[in-house]
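Letter by letter, the chains look like this.
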Amino acid sequence: MTGHIVTISCLGYMAFFLFIQLGQVTRIVDTIDPNHMTAEQVNLLKERVSRSVGQWQNEMIGLAIIGSIVSIIGGIYTINMVIRPLNKLVIFANNEGRTEALPEFKSNTEIKQLATAITALTTKLNETPNSSNDD
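All values derive from a computational prediction rather than experimental measurement.

1. What about the overall build of the chain?
Phase 1 of the analysis: Helices and strands together make up the secondary structure of the chain, namely three helices and zero strands.
Phase 2 of the analysis: Listed N to C, the secondary structure of the chain is α-α-α in terms of helices and strands.
Phase 3 of the analysis: A total of 135 residues make up the chain; the buried ones form 19% of that total.
Phase 4 of the analysis: Element-wise, carbon and sulfur atoms account for 63% of the exposed surface of the chain, whose accessible area totals about 10200 Å².

2. What about helix H2 (residues 39-94)?
Phase 1 of the analysis: For H2, which comprises 56 residues, the first-to-last C-alpha distance of 78 Å matches the rise-based estimate of 82 Å (1.5 Å per residue) to within 8%.
Phase 2 of the analysis: Of all the bends in H2, the greatest, near 40°, is centred on Ile79.
Phase 3 of the analysis: Those residues of H2 lying buried are Leu45, Ser52, Trp56, Met60, Leu63, Gly67, Gly74, Thr78, Pro85, Leu89 and Phe92.

3. Some thoughts on the pattern of salt bridges
Phase 1 of the analysis: Inspection of the entire model under this criterion finds one salt bridge.
Phase 2 of the analysis: Of the charged contacts, one joins Glu47 and Arg51 as a salt bridge, the two residues approaching to 3.9 Å between their closest N and O atoms. Residue Glu47 and its partner Arg51 are both found in helix H2; the two are separated by four residues, about one turn of the helix.
Phase 3 of the analysis: Here Arg51 falls in the exposed class, since its relative accessible area comes to 52%.

4. Observations regarding the layout of surface pockets
Phase 1 of the analysis: The space that makes up the largest pocket amounts to roughly 190 Å³.
Phase 2 of the analysis: Taken together, Asn80, Met81, Arg84, Pro85, Lys88, Glu104, Phe105, Lys106, Ser107, Thr109, Ile111 and Lys112 form the lining of the largest pocket.
Phase 3 of the analysis: Elements represented by at least two residues in the lining of the largest pocket include exactly H2 and helix H3 (110-134).
Phase 4 of the analysis: Take the lining of the largest pocket: its biggest share by element is five residues, from H2.
Phase 5 of the analysis: Residues of the lining of the largest pocket, tallied by class, amount to four nonpolar, three polar and five charged.

5. Concerning the nonpolar core
Phase 1 of the analysis: Counting seven residues, the largest nonpolar core is built from Leu89, Phe92, Leu102, Phe105, Ile111, Ala115 and Ile118.
Phase 2 of the analysis: Breaking this core down by element, the ones donating at least two residues are H2 and H3.
Phase 3 of the analysis: Excluding its chain neighbours within four sequence positions, the residues that come into contact with Leu102 are Leu89, Phe92, Ala115, Thr116 and Thr119.
Phase 4 of the analysis: With six residues, the next largest nonpolar core counts Met14, Phe17, Trp56 and Leu63 among its residues.

Definitions and limits used
- Counting restarts for each chain, with residues numbered from 1 along the sequence as it is written.
- Given that the model is predicted, a residue must reach a pLDDT of at least 70 before its local features are reported, and side-chain atom pairs must reach 80 or more before they are shown or counted; all residues, however, enter totals for whole chains, interfaces and linings.
- Excluded from the side-chain calculations are hydrogens and water; all other atoms, namely the structure's heavy atoms, are used.
- Helix and strand labels come from DSSP, where a helix needs a run of H or I of at least four residues and a strand needs a run of E of at least two; each type is numbered from the N terminus.
- Partly exposed residues are those whose accessible area sits between 20% and 50% of the maximum for their type, while under 20% is buried and over 50% is exposed, using a 1.4 Å probe and protein chains only.
- Values of accessible area rely on a 1.4 Å probe in the Shrake-Rupley scheme; residue burial ignores everything except the protein chains shown.
- The span expected for a helix works out to 1.5 Å for each residue beyond the first.
- Working definition for bend: take the seven residues up to and ending at a residue and the seven starting at it, fit an axis to each, and measure the angle between the axes.
- When a carboxyl oxygen of Asp or Glu is within 4 Å of a side-chain nitrogen of Lys or Arg, the pair counts as a salt bridge.
- With a 1 Å grid spanning the protein atoms alone, the term cavity applies to any set of points in which a 1.4 Å probe fits but cannot get out, the term pocket to an open set with protein on both sides within 12 Å along at least five of seven lines, and the term lining residue to any residue with an atom within 4 Å of a point.
- Grid points are joined across faces, edges and corners, and a volume is the space filled by probe spheres set on the points.
- All residues other than Ala, Val, Leu, Ile, Met, Phe, Trp, Tyr, Cys, Pro, Asp, Glu, Lys and Arg, Gly among them, are scored as polar; the first ten of these are nonpolar and the last four charged.
- Only buried residues count toward a nonpolar core. Its members are Ala, Val, Leu, Ile, Met, Phe, Trp, Tyr and Cys residues joined through side-chain atoms within 4.5 Å.
- Residues count as neighbours in contact if any of their non-hydrogen atoms are within 4.5 Å of one another.

Here it is in structure tokens:
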């Protein structure tokens, strides 16, 4: 999820950057008046537009690479911190806590809190039949 947020932020930056750059090109194009300009001036404006386009292409490629890397890292983080622990909890819940102990979670996240609550619940459920048999 973190990778997606950063990627969206990069896309926002790219959109803002393109807006600014397109404004500059619009100003350059608006100044072109072939009737009052020499060939040298027209060529200079063409060169500036070409340079700006080349710069955009390089920045867009760089941002695409950075966004891809961040997305991959975010995906790996999501798999390790969310999906795998949830899968362990699902397996534990499907076995109703009878065949194995609840897996240990190293980080202190909401998933660990959920695991602790499930452990308390299974302990409570396992104790309830025993206390009714004693009466």
